[in-house]
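The lines below spell out each chain.
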Amino acid sequence: MPGNIRTSIICAMAGGALGLGLALPKAYGLAESTGPDGSNARAVHALGQTGEGVNVGLISARNVRTTHEAFEDPCGVSHAFNYDFTGDGIEFSGHDTRMAGAVISRGGDSYPNDIGVAPGADIHCGRIADNSNSMTTVFLTDALDELVIGQGCRVIVTGVQLLGVTADGDSIWTKIYDYYAYEYDVVFANASGNYEPEVTIFGDAYNGITTGGLRVTEPDVYLRVGSGSNPGPTVDGRRKPDIVAPSQNQTLPSSESDTTWLTVGSSVGQTSYSVPHTAGVAALLLGTADETGDTGDNQSEVIKAVIVNSAFPNINDKDNNPTNPAEPNNTWHGDRGYGRIDALRAYELLSAEKVAEGTGTTQAKGWAYDSMTGYGQHIYSIQGARNERLVLTVTWHRSITKTGPNYNDESSPKFNLDLTIKDPCDAVIYAETGTSDNLEKVDLLLEKDGMYEVALENTTSKSRDYGLAFELLEPLVYDFEPIDYIVDTGDLLVIAAQWLLAGSGLEADLTGDEVVNLEDFAEFALYRLDTNPAYYNE
């Protein structure tokens, strides 16, 4: 493999601005996209976590306007930094300034609510495209060396996609990304890209979190994948994107002046404006991990597992059709991945107790980080209840080694950890073997009370580090079987069928007085038409 590969096919993944923020009615803004129907980052800020002390690297075509008010703290100190790896010098870009703002903006005098996802973090921007928009592997590796090793960036977010190179996980570009993720334990937030029929480079990287773009379905609500967000699977059949995040109608700092803000993003779902949410949430989680005494919660595999496991799954596809995540085999979808990123749920999951391999747990949620020897097996036992949903994710890194200028993939057999789940009667209720993916997520409706066995088996001779996250979701109150995630007429019929019956164990005895009567009906009425929005579709 030659030591320096050049490509002139480079595309920044962003649409045009809608206009100057000052000239537009303030219907949308970064505050809205980080709300409860966006990435939900503001809820984590309210708990005191802003990603302070975490360095994020931005790999992009140009540079950030570091003097913009959005990057300055109250003392006037900028928390954005620039580097050039092309020899053509620092050049401000509106696109790159906006991406950086979506990650770390502190707001502005006229935009106090347009706070980034991780407003306490610092961002370091590395330029890797020269004045002719050519990029080389040397530019890229020099940038990663400086940002990751030199500046200690634990998150890398990417502002370019490469066209004309097959995105099958085997290109030198993708191997470089996977090498730095594996070797230096870095979270890579990669965009799925735009306007192409499948995920593009760098979204095909195994070890990163590939993010698609969401459009609004009503003000402040992001429930539909943008029309131009690249879908999966990858050309080699892997499940990418992993997640989706808000991209439309975000008010962000831009490079025209130190006080210019633009409202950007359209129904296309530009991934340049969605992937910063992933980078910001990763920074929030790493900031959280820095404050605990746990070992392993700051590992990139754990951060990835927690983010994917906590995603909100009920997102409509590009054509606004439901993706029905409650149905079997619908956990992943080519447009939405595993769902919309949710910073608060990810924070709560990472804040739960660590679980240990070989032991049982009654926790409703938890995470694990461990290493498995070649051909080894690890067992986790989780206490579940009938009609709960078990949501569980396990992920591990592709091992890339470097010999001189060459980046070497794992030898076959490679990548794989087999996942098997058994119910309390020892029946297999889920099994995935021989997958080419290095992330597996399950979302199962449990049918029995008791201990569920989660088995991970290493099918190779290589040792394997992995991150695992799980959550048990309680059923909706008074959503009687069959579960349909709404308390409605079907459930009322259960009460009607047992009306005025007396005795113990009656399903419709909601008050526990061993008779079904008006008191139970009044109790039911309090919950009528409640839904579980993560799974219910009209």
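Keep in mind that this is a model prediction, so the values were computed, not measured.

Undergrad: If you had to explain the overall build of the chain to someone new, which residues and values would you point to?
TA: The secondary structure content of the chain amounts to 10 helices and 26 strands. The globule rule puts the C-alpha radius of gyration for 538 residues at 24 Å, and the 24 Å found for the chain is close to it. Burial analysis of the chain (538 residues in total) assigns 60% to the buried set. Of all intrachain contacts in the chain linking residues separated by at least 6 positions in sequence, the fraction that spans at least 24 positions is 75%. Carbon and sulfur atoms provide 49% of the accessible area of the chain, an area that totals close to 19,300 Å². Positive and negative charge centroids in the chain, built from 33 and 76 side chains respectively, lie 7 Å apart.

Undergrad: Talk me through the packing of aromatic side chains; I want residue IDs and the actual numbers.
TA: Scanning the model with the defined rule gives 11 aromatic pairs in all. Their ring planes at 45° and their centres at 4.6 Å tell us that tyrosine 177 and phenylalanine 188 sit as a pair that is tilted. Here tyrosine 177 is found in helix H5 (residues 172-184), whereas its partner phenylalanine 188 is found in strand E10 (residues 187-191), with 11 residues between them in sequence. Note on accessibility: tyrosine 177 and phenylalanine 188 belong to one class, buried. Taking the centre distance of 6.3 Å and the plane angle of 90° together, the rings of tyrosine 179 and tyrosine 184 count as edge-to-face. The class of tyrosine 179 is buried, set by a relative accessible area of 10%. Grouping aromatic residues by their ring pairs yields a cluster made of Tyr179, Tyr180, Tyr184 and Tyr407. Lying across the ring of tyrosine 206, arginine 238 places its NZ or CZ 3.7 Å from the centre. Residue placement shows arginine 389 over the ring face of tyrosine 535; its charged tip is 4.6 Å from the ring centre.

Undergrad: Break down helix H3 (residues 94-104) for me, citing the residues and quoting the values.
TA: Across the 11 residues of H3, 11 count as buried, placing the element largely inside the fold. Within H3 the residues assigned to the buried category are Gly94, His95, Asp96, Thr97, Arg98, Met99, Ala100, Gly101, Ala102, Val103 and Ile104. You can read the cap of H3 off the contacts: a side-chain oxygen lies 3.2 Å from the backbone nitrogen of histidine 95, and it is on serine 93.

Undergrad: Describe the pairing of strand E6 (residues 122-127), naming the residues involved and giving the relevant values.
TA: On a regular strand, one side chain projects to one face of the sheet and the next to the other, so that they alternate. Most of E6 sits out of view: 6 of its 6 residues are buried. Burial of the side chains of E6 extends over both faces: Asp122, His124 and Gly126 are buried on one face and Ile123, Cys125 and Arg127 on the other. Note that strand E4 (residues 55-60) and E6 share 6 bridges and pair parallel. Bridge pairing in E6 places leucine 58 opposite cysteine 125. Pairing analysis gives 5 bridges linking strand E5 (residues 80-84) to E6, with the strands arranged parallel. Its bridge partner being in E6, phenylalanine 81 is matched across the sheet by histidine 124. Following the backbone out of E5, through H3 and into the adjacent parallel E6, one traces a crossover that is left-handed.

Undergrad: So what's going on with the sheet that holds strand E19 (residues 389-396)? Residues and values would help.
TA: Spatially, E17-E26-E19-E24 is the arrangement adopted by the 4 strands of the open sheet, whose pairing is antiparallel. Unpaired on one side and paired on the other, strand E17 (365-372) and strand E24 (439-445) mark the two borders of the sheet. Strand-to-strand, the axes of this sheet are offset by a mean angle of 10°, without reference to chain direction. In this fold helix H7 (residues 300-309) packs onto E17, E19, E24 and strand E26 (464-473), with an angle of close to 25° to the strand it touches most, E26. Helix H8 (residues 343-350) contacts E17 and E26 of the sheet and is inclined by roughly 65° relative to E17.

Undergrad: Explain the sheet that holds strand E23 (residues 428-432) to me, and be specific about the residues and the numbers.
TA: The 5 strands are arranged E16-E18-E25-E22-E23 in an open sheet whose pairing can be described as mixed. Strands with a single pairing partner mark the edges of an open sheet, and in this sheet they are strand E16 (360-361) and E23. Judged from the 2 bridges that link them, E16 and strand E18 (residues 377-384) form a sheet pairing that is parallel. Following the sheet pairing, glycine 360 is matched in E18 by serine 381.

Undergrad: Now, about the pattern of salt bridges: what can you tell me, with residues and values included?
TA: This model, assessed by the stated rule, comprises 18 salt bridges. Glutamate 471 is the salt-bridge partner of arginine 345, the closest N and O atoms lying 2.7 Å from each other. One end of the pair, arginine 345, is in helix H8; the other, glutamate 471, is in strand E26, with 126 residues separating them in the sequence. Aspartate 443 is the partner of arginine 389 in a salt bridge, and the nearest nitrogen-oxygen pair spans 2.7 Å. Taken as a pair, arginine 389 in strand E19 and aspartate 443 in strand E24 lie far apart in primary sequence, 54 residues in all. For the pair formed by arginine 389 and aspartate 443, the shared burial category is buried. Salt bridges here are not isolated pairs; linked through shared partners, they connect Arg62, Glu91 and Arg127.

Undergrad: Got a sec to walk through the nonpolar core? Specific residues and values, please.
TA: Residues Val56, Leu285 and Ile307 are the most contacted members of the largest nonpolar core, which totals 53 residues. Per element, the largest residue contribution to this core is 9 residues, and it comes from helix H6 (residues 275-290). When residues no more than four places from it in sequence are discounted, the contact partners of leucine 285 are Ile303, Val306, Ile307, Ala346, Tyr347 and Leu350. Formed by 32 residues, the second largest nonpolar core is a distinct cluster that contains Met135, Ile156, Trp173 and Tyr180.

Undergrad: Tell me what's going on with a nonpolar patch on the surface, and back it up with residues and numbers.
TA: Side chains of Trp499, Leu500, Leu518 and Phe521 sit close together on the surface and give an oily, nonpolar patch of about 440 Å² of accessible area. According to the relative accessible area criterion, leucine 518 is exposed, its value standing at 62%.

Undergrad: Could you give an account of the side chain of aspartate 342, with specific residues and numbers?
TA: Examined against the element boundaries, aspartate 342 turns out to sit in the loop between H7 and H8. Buried charge aspartate 342 goes without a salt bridge, the closest partner of opposite sign being arginine 345 at 5.1 Å. What aspartate 342 contacts, discounting residues up to four positions off in sequence, is Ser39, Asn40 and Ser310.

Undergrad: Break down the pairing of E18 for me, citing the residues and quoting the values.
TA: The sheet contact formed by E18 and strand E25 (residues 450-458) spans 8 bridges and is antiparallel. By the bridge assignment, serine 381 is partnered in E25 with glutamate 453.

Undergrad: Can you explain unusual backbone geometry? Please cite residues and give values.
TA: The general pattern is negative phi for most residues beyond glycine and trans for most peptide bonds. With an omega dihedral of 0°, the bond running from glycine 232 to proline 233 counts as a cis peptide bond. For proline 233, the position within the fold is in the loop between strand E12 (224-225) and strand E13 (243-246). Cis rather than trans, the peptide bond between glutamate 481 and proline 482 has omega equal to 0°. Here proline 482 shows up in the loop between E26 and helix H9 (489-497). Even without a glycine there, the phi angle at tyrosine 195 is positive, about 70°.

Definitions and cut-offs
- Residue positions within a chain follow its written sequence, with the count starting from 1.
- Where local features are concerned, this predicted model is filtered to residues with pLDDT of at least 70; where side-chain atom pairs are given and counted, the filter is 80 or more; whole-chain, interface and lining totals use all residues.
- Derived side-chain values reflect all non-hydrogen atoms in the structure, with water molecules and hydrogen atoms excluded from consideration.
- Here a helix means four or more residues in a row that DSSP labels H or I, a strand means two or more in a row labelled E, and each is numbered from the N terminus.
- C-alpha atoms define the radius of gyration in this analysis, and the globule rule sets the expected value at 2.2 Å times the number of residues to the power 0.38.
- Any residue under 20% of the maximum accessible area for its type is buried, any over 50% is exposed, and the rest in between are partly exposed; the area is computed with a 1.4 Å probe on protein chains only.
- Residue contacts are defined here by distance: any two heavy atoms, one from each residue, within 4.5 Å place the two residues in contact.
- Every accessible area reported is derived by Shrake-Rupley at a probe size of 1.4 Å, with residue values counting cover from the shown protein chains alone.
- The convention is simple: Lys and Arg are positive, Asp and Glu are negative, and His and the chain ends are not counted.
- To locate a charge, the coordinates of NZ of Lys, CZ of Arg, CG of Asp or CD of Glu are taken.
- Each Phe, Tyr or Trp ring (for Trp, its six-membered ring) is paired with any other whose centre lies within 6.5 Å, and the angle between the two planes then decides the class: stacked below 30 degrees, edge-to-face above 60, tilted in between.
- Look at NZ for Lys and CZ for Arg. If either is within 6 Å of the ring centre and within 35 degrees of the ring normal, a charge sits over the ring.
- Polar contact criterion, stated in full: a pair of N or O atoms within 3.5 Å, where within protein one must be able to donate a hydrogen and the other to accept it, and residues adjacent in sequence count only if both atoms are side-chain atoms.
- Note on pairing: two strands pair once DSSP finds at least 2 bridges between them.
- Seen with its strands pointing away from the viewer, a crossover is right-handed if its path from the first strand over the helix to the second goes clockwise.
- A fitted line through C-alpha atoms serves as each axis, taken over the contacting stretch for helices, and the angle formed by two N-to-C directions is quoted from 0 to 180°.
- Throughout this description, the term salt bridge denotes a Lys or Arg side-chain nitrogen within 4 Å of a carboxyl oxygen of Asp or Glu.
- The set of buried Ala, Val, Leu, Ile, Met, Phe, Trp, Tyr and Cys residues whose side-chain atoms join them within 4.5 Å is what this entry labels a nonpolar core.
- Each patch groups residues whose relative accessible area exceeds 30% and which form no salt bridge, using 9 Å between like charges and 5 Å between nonpolar side chains of Val, Leu, Ile, Met, Phe, Trp and Tyr.

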